[in-house]
Amino acid sequence: MSLSCLSHLYLLLLGTLLSLAGAGLLVAQENPYIVAYDHNLEEPGNLEVEYFSTFGTQRGGPNFHAFWGEFEYGATAWWTTELYLSGQTTFGESTVFTGYRWENRVRPLKNEHRINPVLYVEFEDINGGDKIMKEVEGHDVESDFLTPNAVARQERNREVELKLILSSNYKGWNFTENTLAVKNLSNEPWEFGYALGASRPLTLKGSAQKCNFCLQHFIAGVEMYGGLGDRYSFGLHETSHYLAPGLAWNLPSGWTFRIEPSFGLNDNSHQFLLRWGISYEIAGFGQKVSQLFKGKSE
Amino acid sequence: MKISTLPGLGAFLLTGMCFLCAAQGKPEKTEPISVYAELEKAPAKYRAKANPLLADKDAVAAGRVLFEEHCEECHGGNALGTKKAPSLRVPEVQSAPAGSLFWILTNGIVRKGMPVWSKLPEPQRWQLVTYVQSLGPVEAPENKAPAKP
């Protein structure tokens, strides 16, 4: 299947979803994290359609632009499921589709606690050309990205990724700690990584009037993420790490914009990444689809 | 990815999405009495909490904006309830301690579909409580036994 065919399919799917959006208004309250997760799940029945980009500088080779789409659905108040489709352009080389990911996040405890655990399970089927850097794991380093697309896309990776997300909301702040373990389903060792994040709205009280630019709609934060080696060489040796301040703007119309420059913290890291994203939350998506199949509106 | 795997993946995802959406539209079998009984489960520490924004003249207006943005989709206009979520205008809610409503907002009732709203800062949750309790009780028989909270 050609890339243009895929992009047409993607646009068709996006158009269908947005047409189902109807008049349901629901303002997202998204944190600015792009790598880290907090314990706030998608509201049940809502679908969030998201697009993200990562522009990366590359020493010793061409820069790249990786991109991915996410369809995040609140199956229940304690379970969110999500599909990713990703690709990348390496400047001067080519644009390739790099695969899909299917993730699930489950909240095991029913009440809010000081520290709230969320269990995360993901299956991914991607090729070696994947550069979205949605997580950094094991001994991932900048030089891994030098392999030309024509060669990298031949390598197929089927991986299972497990995360323990520990997140807290305290006086308007969110603090989150993610630890991850990844297993390539071929005979490769477990790899490990981490992501930490902190964020806070620019003001805690809501405005008495509807507005796009009220400070309550802006959430600023910072995240730090990196690899922790594998089961044979656990630790910081030959790993990459990033520090990334970010800002999210949650519009009352349901749109969210995010931007996050990331800075490599050691010689194994890309010196600079610029990530940005746009998302739209479709309220009551599940119910609308359900009504379509029932054939009547209630 | 091989081209041949795409149709299989598509069918799998479509089936999964239909299943999830169908589950979403299906009302859970719950006793009507259990809907508002959740308010009684608020710990004494929360029930005793006074609303810190009662004297704030903007709290009701701000709460109304927040309600329209986050709650109206399920609880309906003027909080009268829909098939997705119960009315908040019933005496059980209107006369409940403000702290109990704050506790429900903070913790959700995740097993029955009410999401956790701790991602809203505390002042915004109190603004919501202030708005909801400013609406006053309305007897709405059709909304007294909703599918789920």
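Quick caveat: nothing in here was measured; it's all calculated off a predicted structure.

This next bit is on unusual backbone geometry. In the Ramachandran plot, Met133 of chain A falls in the positive-phi region, its phi being about 55° despite a non-glycine side chain. Its location among the elements puts Met133 of chain A in the loop between strand 5 (116-127) and helix 2 (149-152). C-beta crowding within 10 Å serves as the criterion here: with 20 such atoms nearby, Met133 of chain A is assigned to the buried category. Look at Ala79 of chain B: it is not a glycine, yet its phi comes out positive at around 60°. Along the chain, Ala79 of chain B turns up in the loop between helix 5 (72-75) and helix 6 (91-94). Residue classification places Ala79 of chain B among the buried residues on the basis of 22 C-beta atoms within 10 Å.

This part covers the pairing of strand 7 (residues 173-184) of chain A. Residues and elements named next belong to chain A. Two strands pair when backbone bridges link them, and strand 6 (residues 156-170) and strand 7 are joined in this way by twelve bridges, in the antiparallel orientation. Along strand 7, the bridge assignment pairs Asn169 with Asn174. Pairing of strand 7 with strand 8 (residues 191-201), which is carried by nine bridges, proceeds in the antiparallel orientation. When the sheet's bridge partners are listed, Val182 is paired in strand 8 with Glu191. Linkage of strand 7 to strand 8, two consecutive antiparallel strands, is achieved through a turn of six residues.

Residue and element names in this part refer to chain A. Reading around the barrel, the twelve strands line up as 1-2-3-4-5-6-7-8-9-10-11-12 and close back on themselves, with antiparallel pairing between neighbours. Taken over all neighbouring pairs, the strand axes of this sheet differ in orientation by 20° on average, direction set aside. Examined bridge by bridge, strand 2 (residues 64-76) and strand 3 (residues 79-90) share twelve bridges and lie antiparallel to one another. By the bridge assignment, Thr76 is partnered in strand 3 with Trp79.

So, on to the confidence of the model for chain B. Close reading of the predicted structure is inappropriate where its pLDDT is low. Here chain B shows a mean pLDDT of 80. Residues at 70 or above account for 70%. ipTM for the predicted complex: 0.84, alongside a pTM of 0.85.

Residues and elements named next belong to chain B. Position of Arg125 relative to the elements: it lies in helix 8 (residues 122-134). Residues Arg125 and Trp103, spaced 22 residues apart in sequence, show a C-alpha to C-alpha distance of 9.4 Å. Excluding its chain neighbours within four sequence positions, the residues that come into contact with Arg125 are Phe102, Leu105, Thr106, Trp117 and Leu120.

Residue and element names in this part refer to chain B. Between helix 7 (residues 98-107) and helix 8, the least distance of the axes is 9 Å, while the angle of their chain directions is 125°. The orientation of helix 7 relative to helix 8 falls into the category oblique. The handedness of the crossing between helix 7 and helix 8 comes out as right-handed. On helix 8, the residues that touch Ala98, Leu101, Phe102, Leu105 and Thr106 of helix 7 are Arg125, Trp126, Leu128, Val129, Val132 and Gln133. Taken together, the residues that form the contact of helix 7 with helix 8 break down as eight nonpolar, two polar and one charged.

What follows concerns the environment of Tyr100 of chain A. Residue and element names in this part refer to chain A. Of note, Tyr100 is situated in strand 4 (residues 94-106). By C-beta crowding, Tyr100 is classed as buried, having 20 other C-beta atoms within 10 Å. Considered as a pair, Tyr100 and Thr81 are 19 residues apart in the sequence and their alpha carbons are 14 Å apart.

Before going further, it helps to examine the pairing of strand 2 of chain A. If a strand is regular, its side chains alternate between the two faces of the sheet. All names here are of chain A. Pairing of strand 1 (residues 47-56) with strand 2, which is carried by ten bridges, proceeds in the antiparallel orientation. Directly across from Val49, in strand 2, lies its bridge partner Phe71. Connecting strand 2 to the next strand, strand 3, in antiparallel fashion are two residues.

Of all hydrophobic cores here, the largest spans 35 residues; its most connected members are Leu101, Phe102, Leu105, Leu128, Val129 and Val132 of chain B. For this core, the elements supplying multiple residues, two or more each, are helix 4 (59-70), helix 7 and helix 8 of chain B. The element that contributes the greatest number of residues to this core is helix 7 of chain B, accounting for six residues. Those residues in contact with Phe102 of chain B, other than ones at most four positions away along the chain, are Tyr46, Lys49, Arg125, Trp126 and Val129 of chain B. If you look at the next biggest cluster of nonpolar residues, it comprises 24 residues, including Val35, Tyr100, Ile132 and Tyr194 of chain A.

Conventions used here
Residues numbered from 1 in each chain as written. Chains lettered and ligands numbered in written order. Predicted model: local features only at pLDDT ≥ 70, side-chain atom pairs only at ≥ 80, totals over all residues. Helix = DSSP H or I, 4+ residues; strand = E, 2+ residues; numbered from the N terminus. Buried ≥ 20, exposed ≤ 12 C-beta atoms within 10 Å, placed from the backbone. Pairing = 2+ DSSP bridges. Axes fitted to C-alpha atoms, helices over the stretch in contact; angles between N-to-C directions. pLDDT = per-residue confidence, 0-100. Contact = placed C-beta atoms within 7 Å. Parallel < 35°, antiparallel > 145°, perpendicular 65-115°, else oblique. Left-handed = near helix turned anticlockwise from the far one by under 90°. Nonpolar A, V, L, I, M, F, W, Y, C, P; charged D, E, K, R; others polar. Core = buried A, V, L, I, M, F, W, Y, C linked by C-beta atoms within 7 Å.

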